[in-house]
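# Observations on chain architecture
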Amino acid sequence: MDDSEQLAHVNWSASAARLFEECPRRFFYRYQQSESTGGHSEYTPTPGVYLGTVVHKSLSAQIARWARGENIHLQTATDYARDKLEWYVEANAEEIADRNGDTDEGEFNIDSFAHSLIRTAREHIKQFFRVIWPHFEGHRYIAHETRQTFDIAEEPVTVQPDLCTRSAEGDFVVTDWKTGAYDRFSNPTIQMQAYALYAHEAYEPEFRRIRVQLVHTGSGEFDRMVPTRDDIRRVRERITNERSFWNSQRDVGSYETDPTVKKCSQCSYLHRCTDGQAVVGDTQNQSK
Ligand code: SF4
């Protein structure tokens, strides 16, 4: 068998675990030894994904100022986002116009599209300054945006929280910004448990002193969690089980497909997956 048809080494992370849970085959394609693009063009992030990245980077630059003892600055943050989004729209104008096309509401206009992206980014950033950041008053900076790897039962685990602080009360607080639409029914548990485990391993032995929060920059809402001993036990077990499977099962046949129209129609590996093509093709045929 070709070496590239084998799974590569994968550190455990909440995003890898979630991908594996959603569709094992997609996980395999994502982490296989050396992925062939199959002649497909290089990945260009969608406007929504790019917007999220820009808001994250803009906030990260402000937190770096705060860490240096400087004031954070709304205008600098929104100027940064505007410049990046203008560049993105200009660089990808043709592709964006092709994707969006004209609609019943009228002709697609690239300038209005750019303005709307910039306006959305500005709203997220304003929400951060006015509603979210006041919650960090009295906090002490520990770290931000650093990729950390640690071992659990000799298995490597990777996390990258957006911000770690100590509150005025002495709690260790791990925060992640969420720029996507707030989904009340999403299940953020695994990511929060992974952050709690990291906080416990690296900084804070007492569970009751750990706070994990996902902060939605669109709405200003917080999902908060104080981990229990059970949370930590569950995530440790999951890490051990999943890493054991990924280590022992390395060929594509061990990673089953789990096709649904919703997942497969948005999957970047659809061109390689006949099961996915079948469910997407079935719907297309039915709608004809
Ligand atoms: S196309 Fe569907 S079934 Fe195939 S890998 Fe992607 S999500 Fe899984």
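In case you missed it, the structure is sitting above this.
The text that follows walks through the structure, step by step, so that each part is easy to find. The structure displayed is predicted, hence computed values, not measured ones.

A few words on the site of the ligand. If you check the shell around the ligand, you find 14 residues, and the closest are Cys23, Cys264, Cys267, Cys273 and Gly276. Among the secondary structure elements, those contributing two or more residues to the shell around the ligand are helix 2 (24–31), helix 9 (261–265) and helix 10 (274–286). Among the residues forming the shell around the ligand, the class breakdown is seven nonpolar, two polar and five charged.

Before going further, it helps to examine unusual backbone geometry. At alanine 153, a position not held by glycine, the phi torsion is positive, near 50°. Within the secondary structure layout, alanine 153 lies in the loop between strand 2 (148–152) and strand 3 (155–159). Look at alanine 153 and you get exposed, because 11 C-beta atoms sit within 10 Å. In this structure, glutamate 154 takes a positive phi of about 65° despite not being glycine. Within the secondary structure, glutamate 154 is located in the loop between strand 2 and strand 3. Accessibility expressed as a C-beta count within 10 Å gives 7 for glutamate 154, which makes it exposed.

So, on to the nonpolar core. Ranked by internal contacts, the top residues of the largest apolar core, which has 46 residues, are Ala81, Leu85, Ala121 and Tyr195. A total of seven residues in this core trace back to one element, the largest contributor, which is helix 7 (residues 189–202). Discounting residues that sit within four places of it in the chain, tyrosine 195 has contacts with Val159, Pro161, Val174 and Val212.

Let us look at the packing of helix 4 (residues 74–91) against helix 6 (residues 110–132). Taken N-terminus to C-terminus, the directions of helix 4 and helix 6 make an angle of 150°; their axes are 9 Å apart at the nearest point. For the element pair helix 4 / helix 6, the angle class is roughly antiparallel. Here helix 4 runs over helix 6; the crossing is right-handed. Contact residues: Leu74, Ala77, Thr78, Ala81, Arg82, Leu85, Glu86 and Val89 in helix 4; Ile110, Phe113, Ala114, Leu117, Ile118, Ala121, Arg122, Ile125, Lys126 and Phe129 in helix 6. Looking at the contact of helix 4 with helix 6, its residues break down into 13 nonpolar, one polar and four charged.

Turning our eyes to something else, we now look at the sheet that holds strand 7 (residues 222–225). One open sheet holds the five strands; their spatial order is 1-4-5-6-7, and the pairing between them is mixed. In the strand order of this sheet, the two ends are held by strand 1 (140–143) and strand 7, each with one partner. Averaged over all pairs of adjacent strands, the angle between strand axes in this sheet comes to 25°, irrespective of strand direction. Relative to strand 7, strand 6 (residues 210–216) is paired through four bridges, and the arrangement is antiparallel. The residue of strand 7 that forms the bridge with valine 212 is methionine 225.

Each value, and the rule that gives it
- Residues numbered from 1 in each chain as written.
- Predicted model: local features only at pLDDT ≥ 70, side-chain atom pairs only at ≥ 80, totals over all residues.
- Near = placed C-beta within 6 Å.
- Helix = DSSP H or I, 4+ residues; strand = E, 2+ residues; numbered from the N terminus.
- Nonpolar A, V, L, I, M, F, W, Y, C, P; charged D, E, K, R; others polar.
- Buried ≥ 20, exposed ≤ 12 C-beta atoms within 10 Å, placed from the backbone.
- Core = buried A, V, L, I, M, F, W, Y, C linked by C-beta atoms within 7 Å.
- Contact = placed C-beta atoms within 7 Å.
- Axes fitted to C-alpha atoms, helices over the stretch in contact; angles between N-to-C directions.
- Parallel < 35°, antiparallel > 145°, perpendicular 65-115°, else oblique.
- Left-handed = near helix turned anticlockwise from the far one by under 90°.
- Pairing = 2+ DSSP bridges.

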